[in-house]
Amino acid sequence: MKGSTAPLRRWLCAALTLIFVGQACALSLFDWSPFQNADSPTATPAIATNTPYAATQTTFVATLPEALQAGEALLLSVVDETTGIRFNEIKYPMTARDTLTYSVALPVPINSVLKYRYERVGGAGATESAADGSPIRYRLYSAASSAEVRDVVAAWSDRRSPRPTGTILGQIHNADSGAPLPNILVTAGGVQFITDSLGRFELTGLPVGAHQLVAYSMDGLYAPFQQGAVVAENAPTIVNLKVKPARIVNVTFTVAVPEDTLPGAPVRIAGNLLQLGDTFADLKGGVSVVSERMPLMNLQADGRYSVTLGLPVGTFVQYKYTLGDGFWNAEHKPDGGWILRDFLVPDHDVSIQDAVLSWMATKQSGAITFEVVAPANTPPGDIVYIQFNAAGWMEPLPMWSAGNNRWLYKLYSPLNFLGAFSYRYCRNAQCGGADDNQTAGVTPVSGRTATTSYFSQDIHDSISSWKWYENPQSSTLVGVAVAPRQAGFVAGVEFQPTYQPNDSYFMPQAFANVKSIGSNLVVLDPTWTVSNAAPLRFSTRPGADPLWIDTAIMVSQARALALNVALFPTPRFIDSNFWQNAPQDSDWQQTFFARYRAFVENYADLAAQSGAQFLILGGEGIAPALPNGTLPDGSPSNFVDAEAQWRSIIQDAKSRFKGQVLWAQPYAASPLETPTNILREADGVYLLWSAPLATDSSATKSDYAAEAGRLLDNEVSPLASLLNKPVVLAFSYPSATGAANGCVLDGGACLRFDSLSRPNDDVPSVGLNLQQQADIYEALLNAVNARSWIAGFVSRGYYPPALLQDKSTSVHGKPAADLLWYWYPRFLGKQ
């Protein structure tokens, strides 16, 4: 692990700088009068031109899985991830060399990185897909000199042809220090993988033949690496790569904006790097950049906007200026076409002078100004967002505060194709969770409606109430004598494991909220996605899982508030029937343990390098792989050597991370079943508790407390004594009718408690019961207060982005949080 902290320091410095640059989503509009004064200095816009770069002739040769049918043709499509992969493609017809081979020669700027894919047109038409049918986002090509690029198309989105495949395995290291590099995008044949803490990658299901292997630093901190790789059938091709780190220089962007720009409106830069808002994911509506992650420019006295960014030397940057994201309210050419600027970062500080010619995509539709009045009980610090529906709901956009709960957004483009369209409002980008009650839900059938017009329009709306925050309730606190605990007691919250890229903007406030209730611990649940059972695919999926740097920044933000941090890596299963459908042979089981070990190693390394205090392993998701595990249908899973595997994984984690390693053990009904030898390897137990505390609806808080005490004394205390290790209780109870009984009913069946969490849609048949959740928490706090052997109290399922009084297990904004505010400081001896 020598030298491994240097990449983390580089990422944190670059990323935290951009966080502070971009922390102004709720920007209040400036006083308009200075900018309406005819005597004020006005920048004279000049036509924006990109620096001309020398191009190299590159010939792309594609081999197809089968001959094209009559009337079909092949295109090479260069994609624009800043605008949205499907919105601004440039398509080049290819010429047949033979029935399976096609080619096209393109001039490609030297040192640029091209994103492209193949498309079949004529007939039904289709885009290329991987051998397993998953879509190809794009291929990468780093243009250094004239070359012939040979690609193999595995399949089409509508046709799959069985063919032999193989795998490329490898590691990526820093060429200067030798340190392994996480967070590098590796691709071949359009199959993509994000490297883990050891720089490892695995590209599976590649058609046999020659491929272009590219390693690309999503933040530009390392130079792109490219080489050919030959894939053989059912055999791994092993590749070890070394990439050169890039030096950072200051790039100052200054831009003049059109006269019709709303004075003081926030201007951002959208681009093809993490620092410029790119998530390298397919987000709502097909966009990939989000405004919250873009740098915000500063308004200058002369009416121009400017910002200075640290960017890596040699990085190929594609960017545009925007009042929204890469699609909405971005700059356009005079003819309405999309603008995508590009430049190569030089080896010295540089200033770039640009001018936005127009925010409008057409002269046939005037801009639309949306003004909305939010409810008086909108939480202070919340930001109102607007979300548009253009053939599907897209990523929400932050509105501009005008004070007194008034919010504005002026929509300039693209209005050339919308006609009548839907829109809606929400809080803190949580459309589908923290909605305007008029248009609530994950995918409402319709929203509010607007229609484009030749003339400019002003639309005035009022939000009568927010969903799940109509009439916020609080708890009545009753003074209790709380016994202060010894040093080492933890009082905290565990965030829910769902992730959206725009959540990162709201994390500092979430950590401040956690701190304000007296917590000394926050548990983060970073995920990898299990996207396929056979072959097993278990890795970071951008947009759905936090990247390495995302989690590192969150740890840094929490530590800055003196919060202790635990990382609880949690697999995210796309298929709810994963375990039932997975092969149960020993080879597959060994593959599962190898991938899970890589998962644990990744977060053990991240915990060590970022300064976390705890690492939590285990949990509900991996229960079938434990000794004597069962599948969802109740049949035995029969994992071979399960105990030895898990003990070895824990030992591996402890060798990499010197903090406390806890084992997350789900509480089970009596008798409490525990993999004792596995628990002995850990430093403590993190007991996941949602135990029934009552058998009928007439039970009281006293009944809940008595039952909790009985279970703790009879079942948990013996475990603590047997292991002689600390036991932290992690509680999860929804604010829904039936929570105390351990069964929230929907149509006669008990729901999983996490199904009530956002961003899942509401379950109407379930009743909201905030008081029952508060009563449960009060009972549990009293039970813990009477038992000094308990080492901690954690509330699970905390929803960070917004206060919601919904049916979920989150206590954020609910009466139960008031109880924690009273109890936590007293447990910790601070009151």
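Data block above holds the structure.
Residues numbered from 1 in each chain as written. Predicted model: local features only at pLDDT ≥ 70, side-chain atom pairs only at ≥ 80, totals over all residues. Heavy atoms only, no water.

This part takes up the overall build of the protein chain. Within the protein chain, the regular secondary structure consists of 10 helices and 45 strands. Its C-alpha atoms give the protein chain a radius of gyration of 28 Å, near enough to 28 Å, the size a compact globule of 831 residues would have. Once the C-alpha set of the protein chain is aligned to its principal axes, its extents read approximately 75 × 70 × 50 Å. Per-residue burial for the protein chain yields a buried fraction of 60% across its 831 residues. A separation of at least 24 residues holds for 76% of the contacts in the protein chain among residues at least 6 apart in sequence. Here the protein chain has roughly 30,900 Å² of accessible surface; of this, 51% comes from carbon and sulfur atoms. Across the protein chain, 57 positive and 71 negative side-chain charges occur, with their mean positions spaced 4 Å apart. (Helix = DSSP H or I, 4+ residues; strand = E, 2+ residues; numbered from the N terminus. Rg over C-alpha atoms; globule rule 2.2 N^0.38 Å. Buried < 20%, exposed > 50% of the residue type's maximum accessible area, 1.4 Å probe, protein only. Contact = heavy atoms within 4.5 Å. Areas by Shrake-Rupley, 256 points an atom, 1.4 Å probe, with all protein chains shown as cover. Lys, Arg positive; Asp, Glu negative; His and termini not counted. Charge placed at Lys NZ, Arg CZ, Asp CG, Glu CD.)

Rolled over the atoms, a probe with the dimensions of a water molecule shows which regions are left empty. Evaluation of the coordinates by the stated rule reveals 8 cavities of 30 Å³ or more. Considered as a void within the structure, the second largest cavity measures approximately 60 Å³ in volume. N183, I194, T195, D196, W528, T540, P546, L547, W548, N602 and Y603 are the residues that line the second largest cavity. Here the residues of the lining of the second largest cavity sort into 6 nonpolar, 4 polar and 1 charged. (1 Å grid on protein atoms, 1.4 Å probe; cavity = no way out; pocket = protein on both sides within 12 Å on 5 of 7 lines; lining within 4 Å. Points joined across faces, edges and corners; volume = space filled by probe spheres on them. Nonpolar A, V, L, I, M, F, W, Y, C, P; charged D, E, K, R; others polar.)

The next subject is helix α3 (residues 548-560). For α3, which comprises 13 residues, the first-to-last C-alpha distance of 19 Å matches the rise-based estimate of 18 Å (1.5 Å per residue) to within 8%. Of the residues one or two after α3, A562 is the one with positive phi, at around 65 degrees. (Expected span 1.5 Å × (residues − 1).)

This next bit is on the pattern of salt bridges. In this structure the tally under the stated criterion is 45 salt bridges. For E89, the salt bridge identified is with R117, shortest N-O distance 3.5 Å. Here E89 is found in the loop between β2 (73-78) and β3 (90-93), whereas its partner R117 is found in strand β6 (residues 113-121), with 28 residues between them in sequence. The buried category is assigned to R117, whose relative accessible area is 12%. A salt bridge links D713 to R787; the nearest nitrogen and oxygen atoms lie 2.8 Å apart. In this pair, D713 sits in helix α8 (residues 701-723) while R787 sits in the loop between α9 (770-785) and β45 (792-798), placing the two residues 74 residues apart along the sequence. (Salt bridge = Lys/Arg side-chain N within 4 Å of Asp/Glu carboxyl O.)

Overall, mixed pairing links the 4 strands, which are arranged β28-β29-β25-β32 in an open sheet. Edge positions in the sheet fall to β28 (400-403) and β32 (457-462), since each of these pairs with one other strand and no more. Adjacent strand axes in the sheet meet at a mean angle of 25 degrees when their direction is disregarded. Bridge count between strand β25 (residues 368-373) and β32: 6 bridges; the pairing is parallel. Note that in β32 the partner of V372 across the bridge is D461. (Pairing = 2+ DSSP bridges. Axes fitted to C-alpha atoms, helices over the stretch in contact; angles between N-to-C directions.)

The next subject is the sheet that holds strand β35 (residues 527-532). Either a parallel or an antiparallel arrangement is found when strands of a sheet pair, and the pairing is made through backbone hydrogen bonds. Read from one edge of the open sheet, 3 strands run β36-β35-β38, paired in mixed fashion. Every interior strand has two partners, whereas the edge strands, β36 (537-539) and β38 (570-573), have only one. Sheet twist, expressed as the mean angle between neighbouring strand axes with direction ignored, is 25 degrees. Judged from the 3 bridges that link them, β35 and β36 form a sheet pairing that is antiparallel. For T529, the partnering residue across the bridge sits in β36 and is S539. Against the sheet, helix α5 (residues 586-610) engages β35, β36 and β38, with an angle of about 160 degrees to β35.

Looking now at the state of the cysteines. Counting across every chain of the model gives 2 disulfides. Two residues share a disulfide in this structure: C426 and C431, whose sulfurs sit 2.0 Å from each other. Handedness of the C426-C431 disulfide follows from its S-S torsion of about -75 degrees: it is left-handed. In this structure, C426 and C431 share a single accessibility class: buried. Indicated for the protein chain is the disulfide connectivity 1-2, 3-4, based on numbering the bonded cysteines in sequence order. (Disulfide = S-S within 2.5 Å.)

We describe a pair of aromatic rings using the distance from one ring centre to the other and the angle between the two ring planes. All chains considered together, the criterion is met by 55 aromatic pairs. Centroid distance F592 to F593: 5.7 Å. Interplanar angle 65 degrees. Geometry classified as edge-to-face. When sorted by exposure, F592 lands in the same class as F593, which is buried. Over the face of the ring belonging to Y469 we find R427, whose NZ or CZ atom lies 5.1 Å from the ring centre. In this structure, R826 is placed above the aromatic ring of Y822, and the distance from its NZ or CZ to the ring centre is 3.8 Å. (Phe/Tyr/Trp six-rings, centres within 6.5 Å; stacked < 30°, edge-to-face > 60°. Lys NZ or Arg CZ within 6 Å of the ring centre and 35° of its normal.)

Grouped together as the largest cluster of nonpolar side chains are 182 residues, with contacts concentrated most on F253, F370, F592, W646 and W689. Tallying contributions element by element places α5 first for this core, with 10 residues. Once residues within four sequence positions are removed from consideration, W646 is found in contact with F592, F593, Y596, I622, A625, L626, P627, W663 and I678. A130, I168, I184 and L206 belong to the second largest nonpolar core, which has 22 residues in total. (Core = buried A, V, L, I, M, F, W, Y, C linked by side-chain atoms within 4.5 Å.)

Once that is clear, we can look at the pairing of strand β33 (residues 490-495). For a regular strand, side-chain orientation follows a simple rule: the groups alternate between the two sheet faces. Most of β33 is tucked away, with 6 of its 6 residues classed as buried. Bridge count between β33 and β45: 5 bridges; the pairing is parallel. Looking at β45, one finds that G492 is bridged to V794. Here 3 bridges tie β33 to strand β34 (residues 521-524), and the two strands are oriented parallel to one another. In the strand pairing of β34, E494 is matched with V523.

Now for the side chain of T56. Along the chain, T56 falls in strand β1 (residues 55-63). Residue T56 is classed as buried on the basis of its relative accessible area of 5%. In this structure the side chain of T56 is engaged in a polar contact, spanning 3.3 Å, whose partner is the backbone oxygen of S145. If we ignore the near neighbours within four places in the chain, the residues touching T56 are L106, P107, V108, I110, A143, S145 and S146. (Polar contact = N/O pair within 3.5 Å; in protein donor to acceptor, adjacent residues only side chain to side chain.)

What follows covers the packing of α8 against α9. Relative orientation of the contacting elements α8 and α9 amounts to 45 degrees, with a least axis distance of 8 Å. Classed by the angle they form, the pair α8 and α9 counts as oblique. Relative to α9, the crossing made by α8 is right-handed. The residues of α9 that touch α8, namely those facing K701, Y704, A705, A708, G709 and L712, are Q772, D775, I776, E778, A779, L780 and A783. Here the contact of α8 with α9 is built from residues that sort into 8 nonpolar, 2 polar and 3 charged. (Parallel < 35°, antiparallel > 145°, perpendicular 65-115°, else oblique. Left-handed = near helix turned anticlockwise from the far one by under 90°.)

This part covers the environment of A402. Looking at where A402 falls in the secondary structure, it is placed in strand β28. Separated by 110 residues in the primary sequence, A402 and E292 have C-alpha atoms spaced 19 Å apart.

This paragraph deals with unusual backbone geometry. In the segment running from S413 into P414, the intervening peptide bond is cis, with an omega of -10 degrees. Here P414 is to be found in the loop between β29 (406-411) and β30 (420-427). In this model, R758 is joined to P759 through a cis peptide bond whose omega is 10 degrees. Its place among the elements puts P759 in the loop between β44 (749-750) and α9. The backbone phi angle of A429 is positive, close to 65 degrees, even though this residue is not glycine. With respect to the helices and strands, A429 occurs in the loop between β30 and β31 (448-451).

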